[in-house]
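# Topology and contacts: notes
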Amino acid sequence: MLRIAVPNKGALSEPAVAMLHEAGYRQRMDRRELVLLDSDNNVEFFFLRPRDIAVYVGSGKLDVGLTGRDLLVDSTADAEEILQLGFAASTLRFATRPGGPRDVTEFGGLTIATSFDGVVAPYLERQGVQASVVHLDGAVETAIKLGVADVIADVVETGTTLRNAGLEIVGDPVLESEAVVIRRRGDAEDPRVAQFLRRLQGVLVARRYVMMDYDIRAELVEQAIALTPGLESPTVSPLHDRGWVAVRSMVPTREAQRVMDGLYDLGARAILTTQIHACRL
Ligand SMILES: Nc1ncnc2c1ncn2[C@@H]1O[C@H](COP(=O)(O)OP(=O)(O)OP(=O)(O)O)[C@@H](O)[C@H]1O
Ligand SMILES: O=P(O)(O)OC[C@H]1O[C@H](OP(=O)(O)OP(=O)(O)O)[C@H](O)[C@@H]1O
Ligand SMILES: [Mg+2]
């Protein structure tokens, strides 16, 4: 039985559950369920606080977990990242009041509030800055207004929360994060983990690519394939009309419309894109 940690709340929770569902796993109906057995797939899901996931996986009690890179780095858990999941993308940034310090080099002697002291304190040390780091559990933007800190370091996605708090980003990004799959560092290769990762990779590919079909005159097929090279090699099939061939190829979803325009201009017709539901490459 593969034991998998899944975030039970917060920004990671819903997209993580959606991805597991797309990968064919049973998911909980009730948010209060703590453990869910998917006996068809021989997997058990444990719904845990996002921050605790690296601890469970690092201790070897659970085989793999879905969490944020920032939470993994922030923890002292002995776990490592094995797959990037492409959602919950965010950046850990410093912010302060307008007129405050403009750069990390000006943070000396100041107080910095953050929920990510495990990332921020070593970062400041590496920069040779001596500042005091205060841990807060959340809503750190308020720390400046209440005089608890001069600077904060927090998760920024759109920047709306900072703007609404009247704060400005300063300095370089501390850490780029996204949802990731983690396992205990140094764990031996496990075929059940490999299969779990293949399923998630299948979802990532299905989300990022569409299948494109079109007909093209045989003498133009090389030019057409230059527009749709596919992941390895496109399928080219003869049509009943010998002057034409049918081509089938995977195309990145966000390029699909531009590629269709290019193919049309080249003379391709019956250009269709279809959604990929699942795949194993
Ligand atoms: N607005 C956001 N956009 C993208 N990712 C985010 C956002 N807010 C948080 N995250 C990511 O979600 C993960 C956990 O943050 P989240 O706020 O959901 O949990 P938490 O703060 O530990 O828990 P809680 O706030 O519920 O106590 C982190 O990896 C973080 O980078
Ligand atoms: O840049 P934005 O798009 O505004 O998003 C960033 C905000 O989202 C998260 O807060 P969350 O909702 O998790 O609240 P929390 O502070 O209680 O964790 C994070 O801590 C920021 O405050
Ligand atoms: Mg939060």
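Residues numbered from 1 in each chain as written. Chains lettered and ligands numbered in written order. Predicted model: local features only at pLDDT ≥ 70, side-chain atom pairs only at ≥ 80, totals over all residues.

As recorded by an unreviewed UniProt entry, the protein carries the name ATP phosphoribosyltransferase and is attributed to Streptomyces lonarensis. In its Cofactor (unreviewed entry) section, the UniProt record describing the protein reads: "Mg(2+)". Per its UniProt entry, the protein bears the Pathway (unreviewed entry) comment "Amino-acid biosynthesis; L-histidine biosynthesis; L-histidine from 5-phospho-alpha-D-ribose 1-diphosphate: step 1/9." (UniProt positions renumbered as here; feature names shortened; annotations may be inferred.)

A few words now on the UniProt feature "domain: ATP phosphoribosyltransferase catalytic" (unreviewed entry) in the protein. Annotation from UniProt places "domain: ATP phosphoribosyltransferase catalytic" (unreviewed entry) at residues 49-202. Taken end to end, residues 49-202 comprises 28% helix and 31% strand; its first and last C-alpha atoms sit 26 Å apart. (Helix = DSSP H or I, 4+ residues; strand = E, 2+ residues; numbered from the N terminus.)

Let us look at the site of ligand 1. Residues in contact with ligand 1 amount to 15 residues; listed here are only the nearest, G10, A11, G68, S90 and E157. Split by residue class, the shell around ligand 1 holds six nonpolar, five polar and four charged. Structurally, the shell around ligand 1 is a two-domain feature, drawing no fewer than three residues from each of domain 1 (2-87 + 179-188) and domain 2 (90-177). (Near = placed C-beta within 6 Å. Nonpolar A, V, L, I, M, F, W, Y, C, P; charged D, E, K, R; others polar. Domains from an automatic or database assignment.)

In the region of ligand 2, the neighbouring residues are G10, A11, G138, A139, D154, V155, V156, E157, T158, G159, T160 and T161. Elements supplying a minimum of two residues to the shell around ligand 2: β9 (151-156) and α6 (160-164). Looking at which element gives the most residues to the shell around ligand 2, the answer is β9, with three residues.

What follows concerns the environment of A224. With respect to the secondary-structure elements, A224 resides in helix α8 (residues 221-227). A tally of 23 C-beta atoms within 10 Å means that A224 is categorised as buried. With 17 residues separating them in the primary sequence, A224 and D241 have C-alpha atoms 18 Å apart. For A224, the contacting residues outside a window of four places in its chain are I216, V247, L263, L266 and A268. (Buried ≥ 20, exposed ≤ 12 C-beta atoms within 10 Å, placed from the backbone. Contact = placed C-beta atoms within 7 Å.)

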